[in-house]
Amino acid sequence: MAVTSEHTYDDRRATDVDMGVTLAGVHFPNPVFTASGCAAAGRELNQFFDVADLGGVVTKSVMREPRTGRPTPRMAETPSGMLNSIGLQGPGIDAFLAKDLPWLDEHDARAVVSIAGSSVEEYALLARKLRGARGVALLEVNISCPNVEDRGQVFACHAGSAAEVIRAVRRETRVPVFAKLSPDVTDIVEIASAVVEAGANGLSMINTLLGMVIDTDTLRPVLAGLTGGLSGPAIRPVAVRAVWQVHAAMPKVPILGMGGIRTGLDALQFLAAGASAVSVGTTVFGDPGAPMRILDELRQALAERGHASVRDVVGLAHRPAVATITEDADPPGSPT
Ligand SMILES: Cc1cc2nc3c(=O)[nH]c(=O)nc-3n(C[C@H](O)[C@H](O)[C@H](O)COP(=O)(O)O)c2cc1C
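Structure report, in brief. Everything numeric here is computed off the predicted structure, so don't read it as measured data.

Rules behind the numbers
- The residue numbers shown here count from 1 along each chain, following its written sequence.
- This being a predicted model, a pLDDT of at least 70 is required before a residue's local features are given, and a value of 80 or more before pairs of side-chain atoms are given or counted; all residues contribute to the totals for chains, interfaces and linings.
- Hydrogens and water molecules were not included; the side-chain quantities draw on all heavy atoms of the structure.
- Runs of E in the DSSP output that reach at least two residues are strands. Runs of H or I that reach at least four are helices, and both are numbered from the N terminus.
- All radius of gyration figures rest on C-alpha atoms, and the globule criterion is 2.2 Å times the number of residues raised to 0.38.
- Relative accessible area decides the class of each residue, using a 1.4 Å probe on protein chains only: under 20% of the type maximum gives buried, over 50% gives exposed, and in between gives partly exposed.
- Two residues qualify as a contact provided that any one of their heavy atoms is within 4.5 Å of a heavy atom in the partner residue.
- In these tables, accessible area is a Shrake-Rupley quantity obtained with a 1.4 Å probe, and a residue counts as shielded only by the protein chains included in the view.
- The sign given to each residue is positive for Lys and Arg and negative for Asp and Glu; His and the chain ends receive no count.
- In this description, the location of a charge corresponds to atom NZ of lysine, CZ of arginine, CG of aspartate or CD of glutamate.
- Cysteine sulfur atoms are paired as a disulfide whenever they come within 2.5 Å of each other.
- Note on geometry: axes are C-alpha line fits, over the in-contact stretch for helices, and angles between N-to-C directions span 0 to 180 degrees.
- What sets the label is the angle itself: under 35 degrees gives roughly parallel, over 145 gives roughly antiparallel, 65 to 115 gives roughly perpendicular, and the rest give oblique.
- In this scheme the handedness of a crossing depends on how the near helix is turned from the far one: anticlockwise by less than a right angle means left-handed, clockwise means right-handed.
- Classification used: nonpolar for Ala, Val, Leu, Ile, Met, Phe, Trp, Tyr, Cys and Pro, charged for Asp, Glu, Lys and Arg, polar for all others including Gly.

When its secondary structure is counted, the chain shows eight helices and 18 strands. Computed over the C-alpha atoms, the radius of gyration of the chain is 20 Å, within 12% of the 20 Å expected from 2.2 N^0.38 for a compact globule of 336 residues. Structurally, the chain occupies a C-alpha span of about 55 × 50 × 40 Å along its principal axes. Within the chain, the fraction of its 336 residues that count as buried is 51%. Taking as baseline every contact in the chain between residues at least 6 positions apart, the subset at least 24 positions apart corresponds to 71%. Of the roughly 15800 Å² of accessible surface on the chain, a fraction of 52% belongs to carbon and sulfur atoms. Positive and negative side-chain charges of the chain, numbering 30 and 37 respectively, have mean locations separated by a distance of 6 Å.

Have a look at this one:
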């Protein structure tokens, strides 16, 4: 069957495509970032390419104290994805400020600093400690953490607690704040609206999905932590759907999209769904040079489709479909 396209394809050269993006008033030379927890603080990646060539480096979520993370085994393979229960292993905010952030600044990287806490006050304290630190382009607030003050309920799964964290962080910083959303909710638009109302300047989405793998010999969960976060290509359609829904509800709010991006065309899906930039996570473990390859592939794909700027495709998938919809067709979102 012939497929028609509204795009005018021309012979634009990839090098002519303007890849610059602005997120909450902060300019980035291109839309390809790392994802939190998948490239530490950028040092390891710098042996494969210059970290300054990335749109931004999103650092592993940092907490107040040094942490060793969760017990092993904390990785399990899944079809087309990975299950991890690493937890928030890291050096703590003081070491991060002393070593990691200055390293990123010296290497001209644009740091998106991810913070995580187990209480609202811990998030506020982290934002306070980062106040005035050189080289912080954005703060990404990882709210997929259990709240010790509320029976371990994950902040990101409750609009009220998610908003409380963002409000507390917002009070302590002048840097734009992105709230990182979890897909493990019934209505992601409700959580997105609550955090934007509380002062988030943008949204990062999605974090991993909660999953479990059972060892069929021991008939016990493979991970010592029992459950883990599912990431990689398996979650891409969920992530694209979430970005789509949130962009439809609040098209002016910038979104950093992520979830299973492996190629430039995967990144293009996120942009068309409404993300202004993307993070590459799990792919980097098997292919450390992937962010630069994905950037090249995206630039090429935009050129082939005749776009002069990456900004032109943001949200394009929301324009009405060309296909005729019959009157008895089910509305979007109906069960199959
Ligand atoms: C090993 C691992 C560690 C992660 N650590 C963090 C983290 O510290 N903070 C965070 O917000 N997200 C963390 N994530 C989630 C990723 O940033 C990303 O949201 C998710 O994996 C989906 O993207 P991907 O499929 O490209 O990996 C981690 C993911 C993985 C696989």
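Text resumes after the structure shown.
A few words now on unusual backbone geometry. Between Thr72 and the following residue, Pro73, the backbone shows a cis peptide bond with an omega angle of -5°. When you line up the elements, Pro73 lands in the loop between strand 4 (57-58) and strand 5 (75-78). Following Met205, the chain continues into Ile206 via a peptide bond in cis, with omega recorded as 15°. A positive phi angle is found at Ala40, which is not glycine, with a value near 40°. Here Ala40 lies in the loop between strand 3 (32-34) and strand 4. Of note in the backbone geometry, Leu219 takes a positive phi value of approximately 55° without being a glycine.

Bringing the state of the cysteines into the picture now. Tallied over the full model, the rule gives zero disulfides. In this model Cys38 remains outside any disulfide bridge; the closest cysteine sulfur is found in Cys145, 15 Å from its own. For Cys38, a relative accessible area of 17% translates into the label buried.

Before going further, it helps to examine the packing of helix 4 (residues 188-197) against helix 5 (residues 236-249). At a closest axis distance of 9 Å, the pairing of helix 4 and helix 5 adopts a crossing angle of 55°. Classified by the interaxial angle, the pair formed by helix 4 and helix 5 is oblique. Helix 5 is crossed by helix 4, and the crossing has right-handed handedness. Counting all contacts with helix 4, which are made through Ile188, Val189 and Ala192, the residues of helix 5 involved are Arg241, Ala242, Gln245, Val246 and Ala249. Here the contact of helix 4 with helix 5 is built from residues that sort into six nonpolar, one polar and one charged.

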